[in-house]
Amino acid sequence: GSVFRVAMPHDSELRPVVQSLLERHNLRLSDYSVDFLIRRLPRDLLSFDQIFDKIDELSLPNRRPATLGTVRQALEEGPSRKA
């Protein structure tokens, strides 16, 4: 049979993944904010959606685009607790 090795993506591979997930969440971040986010994301790909949900949750009530401050707050507070 075939043997596959599953590993965490390299930093260079994360940008397309992150941008795709941001688009799916209808979030637009500056390049600087995306870079900031990539450097601080946990290397657990399953947590990415939860973190982007948290960014959305924090920016939606203000009806403003997510800023670097929103990204920082989402990373500090952790994923939202959706059921």
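The sections below set out a description of the structure shown in this document. (Residues numbered from 1 in each chain as written. Predicted model: local features only at pLDDT ≥ 70, side-chain atom pairs only at ≥ 80, totals over all residues. Heavy atoms only, no water.)

1. Here's the deal with the overall build of the chain
Working step 1: Each helix and strand counted, the chain has four helices and zero strands in total.
Working step 2: Listed by position from the N terminus, the elements making up the chain come as α-α-α-α.
Working step 3: Relative to its full complement of 83 residues, the chain shows a buried share of 35%.
Working step 4: Of the contacts formed within the chain by residues at least 6 apart in sequence, a portion of 60% connects residues at least 24 apart.
Working step 5: Total accessible area on the chain stands at roughly 6100 Å², and carbon and sulfur atoms take up 49% of it.
Working step 6: Mean positive and mean negative side-chain charge positions of the chain (13 and 12 charges, respectively) differ by 3 Å. (Helix = DSSP H or I, 4+ residues; strand = E, 2+ residues; numbered from the N terminus. Buried < 20%, exposed > 50% of the residue type's maximum accessible area, 1.4 Å probe, protein only. Contact = heavy atoms within 4.5 Å. Areas by Shrake-Rupley, 256 points an atom, 1.4 Å probe, with all protein chains shown as cover. Lys, Arg positive; Asp, Glu negative; His and termini not counted. Charge placed at Lys NZ, Arg CZ, Asp CG, Glu CD.)

2. Describing the environment of Leu-68
Working step 1: Within the element layout of this structure, Leu-68 appears in helix H4 (residues 68-77).
Working step 2: Separated by 30 residues in the primary sequence, Leu-68 and Ile-38 place their C-alpha atoms 12 Å from one another.
Working step 3: Here Leu-68 is in contact with Tyr-32, Ser-33 and Phe-36, once residues within four sequence places are set aside.

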